[in-house]
Amino acid sequence: MGRLFQGTSHQAFRGAIERLGIHLPDGQMTHVLRHTFASHYVMDDGNILKLKDILGHKTLAMTIRYAKLAPKHLADATTKNPLAQLDRPQSVHQNEQKEGETCARKAVSH
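Residues numbered from 1 in each chain as written. Predicted model: local features only at pLDDT ≥ 70, side-chain atom pairs only at ≥ 80, totals over all residues. Heavy atoms only, no water.

Q: Looking at this model, I keep getting lost on the overall build of the protein chain. Mind explaining?
A: Helices and strands together make up the secondary structure of the protein chain, namely seven helices and zero strands. Element order for the protein chain, N to C, with α for helix and β for strand: α-α-α-α-α-α-α. Looking at the protein chain as a whole, 15% of its 110 residues qualify as buried. Surface summary for the protein chain: the accessible area is close to 9300 Å², and the carbon and sulfur share equals 60%. (Helix = DSSP H or I, 4+ residues; strand = E, 2+ residues; numbered from the N terminus. Buried < 20%, exposed > 50% of the residue type's maximum accessible area, 1.4 Å probe, protein only. Areas by Shrake-Rupley, 256 points an atom, 1.4 Å probe, with all protein chains shown as cover.)

Dropping the structure here:
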């Protein structure tokens, strides 16, 4: 049985890049694959701390730039902040608690 691809995966990737007419600076072909992997990993909801280890980054700050690609990233930013809490309707429990406080104040003032 023959090989699925002739040559190495590096040669196959280089050939595809050339056929598509993509011009990369010297030494950037591997970086493009690495960046593409990291981007798709995060877009598929991969763990940013695990990605840090996979990529071998020394600091989380280096990896965190991929976080903007996470599907929940913007949704969490819009729902899990103090201002978003102001727009939410109060729960029944919160309303009952406020009514109880109001009744207690009225009873004390009379």
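Q: Looking at this model, I keep getting lost on the side chain of Thr63. Mind explaining?
A: Within the secondary structure, Thr63 is located in helix 4 (residues 60-63). Beyond its immediate stretch of four places on either side in the chain, Thr63 contacts Ile48, Leu51, Lys52 and His57. (Contact = heavy atoms within 4.5 Å.)

Q: Is there a simple way to explain helix 3 (residues 48-55) in this structure?
A: Each turn of an α-helix holds 3.6 residues, which means side chains three or four residues apart point in the same direction. When we look at burial in helix 3, the residues that qualify are Leu51, Lys52 and Leu55. Buried residues along helix 3 cover an arc of 105° about the axis, so they all sit on one side. The exposed residues of helix 3 that point more than 90 degrees off its buried face are Leu49, Lys50 and Asp53. Among the structural elements, helix 2 (29-43) and helix 4 are those in contact with the buried residues of helix 3. Taking the backbone nitrogen of Leu49 as reference, a side-chain oxygen 2.7 Å away marks Asn47 as the first, capping residue of helix 3. Among the residues trailing helix 3, Gly56 stands out with phi positive, at a value near 75°. (Arc of directions from axis to C-beta. Polar contact = N/O pair within 3.5 Å; in protein donor to acceptor, adjacent residues only side chain to side chain.)

Q: Sorry, what's going on with the nonpolar core here?
A: Among soluble globular proteins, nonpolar side chains are generally buried collectively. Ala38, Tyr41, Val42, Leu51, Leu55, Tyr66 and Ala70 together form the largest nonpolar core, which totals seven residues. Where this core is concerned, the elements lending two or more residues are helix 2 and helix 3. For this core, the element with the highest residue contribution is helix 2, accounting for three residues. Non-local contacts of Leu51, meaning those with residues more than four positions away in its chain, are made with Phe37, Ala38, Tyr41, Val42, Thr63 and Tyr66. (Core = buried A, V, L, I, M, F, W, Y, C linked by side-chain atoms within 4.5 Å.)

Q: Help me out: how do you make sense of the confidence of the model for the protein chain in this one?
A: Parts of the prediction with low pLDDT should not have their coordinates interpreted in detail. The predicted model of the protein chain has a mean per-residue pLDDT of 76, with 65% of residues at 70 or higher. Mean pLDDT values for the elements of the protein chain range from 54 in helix 7 (residues 92-109) up to 93 in helix 3. (pLDDT = per-residue confidence, 0-100.)

Q: What is the right way to read the packing of helix 2 against helix 3 from this model?
A: Working note: a packed helix pair is described by the angle between its axes plus the distance between those axes. For the pair helix 2 and helix 3, interaxial distance at closest approach is 10 Å and the crossing angle is 165°. By the angle class used here, helix 2 and helix 3 are roughly antiparallel. Crossing angle aside, the handedness with which helix 2 passes helix 3 is right-handed. Note on element contacts: helix 3 touches helix 2 through Ile48, Lys50, Leu51, Ile54 and Leu55, opposite Arg34, Phe37, Ala38, Tyr41 and Val42. Residues of the contact of helix 2 with helix 3, tallied by class, amount to eight nonpolar, no polar and two charged. (Axes fitted to C-alpha atoms, helices over the stretch in contact; angles between N-to-C directions. Parallel < 35°, antiparallel > 145°, perpendicular 65-115°, else oblique. Left-handed = near helix turned anticlockwise from the far one by under 90°. Nonpolar A, V, L, I, M, F, W, Y, C, P; charged D, E, K, R; others polar.)

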